[in-house]
Amino acid sequence: MRRTAAAVAALVLAGTGLGMVAAGTATAAGTGATACPTGWGSGDKGGAAAGAVPLKTVRAGRHDCFDRLVFDVPGGGTLGYSVRYVDRLYQLASGDYIPVGGGAVLDVRVGAPAYDPASGTPAYPARAGQPLPGVDVSGYSTFRDTRFSASFEGETQIGLGVRARLPFRVIQLPDQLVVDVAHTW
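Residues numbered from 1 in each chain as written. Predicted model: local features only at pLDDT ≥ 70, side-chain atom pairs only at ≥ 80, totals over all residues. Heavy atoms only, no water.

**Some thoughts on the overall build of the protein chain**
Then comes step 1: When its secondary structure is counted, the protein chain shows one helix and 11 strands.
Then comes step 2: Starting at the N terminus and ending at the C terminus, the protein chain contains elements arranged as α-β-β-β-β-β-β-β-β-β-β-β.
Then comes step 3: Counting over 185 residues, the protein chain shows a buried share of 38%.
Then comes step 4: At a minimum sequence separation of 6, the contacts of the protein chain that also span at least 24 residues come to 66%.
Then comes step 5: Here the protein chain has roughly 9,900 Å² of accessible surface; of this, 56% comes from carbon and sulfur atoms. (Helix = DSSP H or I, 4+ residues; strand = E, 2+ residues; numbered from the N terminus. Buried < 20%, exposed > 50% of the residue type's maximum accessible area, 1.4 Å probe, protein only. Contact = heavy atoms within 4.5 Å. Areas by Shrake-Rupley, 256 points an atom, 1.4 Å probe, with all protein chains shown as cover.)

**Re the sheet that holds strand β8 (residues 143-152)**
Then comes step 1: Spatially, the five strands line up as an open sheet ordered β1-β4-β7-β9-β8, and their pairing is antiparallel. Of all the strands in the sheet, just β1 (45-46) and β8 have a single pairing partner and so form its edges.
Then comes step 2: Pairing between strand β4 (residues 81-86) and strand β7 (residues 104-110): six bridges, direction antiparallel. Across the sheet, residue V86 finds its bridge partner in β7, namely V105. (Pairing = 2+ DSSP bridges.)

**Overview of the pattern of salt bridges**
Then comes step 1: Inspection of the entire model under this criterion finds five salt bridges.
Then comes step 2: Across the salt bridge formed by D180 and R68, the nearest N and O atoms sit 2.6 Å from each other. In this pair, D180 is assigned in strand β11 (residues 176-182) and R68 in strand β3 (residues 66-72), connecting sequence segments 112 residues apart.
Then comes step 3: A salt bridge links D107 to R109; the shortest N-O distance between them is 3.2 Å.
Then comes step 4: One network of salt bridges, in which partners are shared, links R68, R169 and D180. (Salt bridge = Lys/Arg side-chain N within 4 Å of Asp/Glu carboxyl O.)

**Let's talk about the confidence of the model for the protein chain**
Then comes step 1: Per-residue confidence for the protein chain gives a mean pLDDT of 85, with 81% of residues at or over 70.
Then comes step 2: Predicted confidence for residues 6-30 stays below pLDDT 50, and this span has one contact to residues more than four positions away or in other chains. (pLDDT = per-residue confidence, 0-100.)

**Quick word on the packing of aromatic side chains**
Given two aromatic rings, their pairing is described by the distance between the two centres and the angle made by the two planes.
Then comes step 1: Summed over all chains, the structure comprises five aromatic pairs.
Then comes step 2: Here the aromatic rings of Y90 and Y97 are separated by 6.0 Å at their centres, their planes lie at 55 degrees, and the arrangement is tilted.
Then comes step 3: On the basis of an interplanar angle of 50 degrees and a centroid distance of 6.3 Å, the ring pair of Y124 and F148 is categorised as tilted. Taken as a pair, Y124 in the loop between β7 and β8 and F148 in strand β8 lie far apart in primary sequence, 24 residues in all. No difference in accessibility class separates Y124 from F148, as the two residues are buried.
Then comes step 4: Above the plane of the ring of F168 lies K45, whose end atom (NZ or CZ) is 3.9 Å from the centre.
Then comes step 5: The cationic tip of R169 hangs over the ring face of F66; the distance from NZ or CZ to the ring centre is 5.2 Å. (Phe/Tyr/Trp six-rings, centres within 6.5 Å; stacked < 30°, edge-to-face > 60°. Lys NZ or Arg CZ within 6 Å of the ring centre and 35° of its normal.)

**Focus: the state of the cysteines**
Then comes step 1: Counting across every chain of the model gives one disulfide.
Then comes step 2: The partner cysteine of C36 in its disulfide is C65, sulfur to sulfur 2.1 Å. The chirality of the disulfide connecting C36 with C65 is left-handed, given an S-S dihedral of about -80 degrees. Here C36 is found in the loop between α1 (2-30) and β1, whereas its partner C65 is found in the loop between β2 (57-62) and β3, with 29 residues between them in sequence. (Disulfide = S-S within 2.5 Å.)

Okay, structure coming up:
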């Protein structure tokens, strides 16, 4: 009889605990807490990244769960790319070291030259080793620094400094390439 009473008491307490957990979950959901995606990973993404349509702009944005870098290539269609974490950023072709601030560095290569292939004139006004023009990431949760590296043989390389080695994803849209880096694991 005592065992039965103890078992019933344990079930009642367990049920009460589950009710409190459910209530806590509902409260968290009711406060507007954002459920952030997981599972992006931090491994290399992409493949060949050479193209013929010039890069027009690069811009950054902040979201609840991630920071975003967008590469605009009007008329570029589906863009080739390669994005990976590196210990240090080395410039395409020359191999020169380019310092990038942050706890980790993403080497982002986009299949679009920063120049007009027909004339050789700059299409995206960036300079090697300098921050990306018009991209200010101060105050971002994850992004710490952006550096233009080089544009060589139809490929543009950019160093993206982030707070830590965090998961990221790459999205291909018509005429755009999007790199999102999560705020947390």
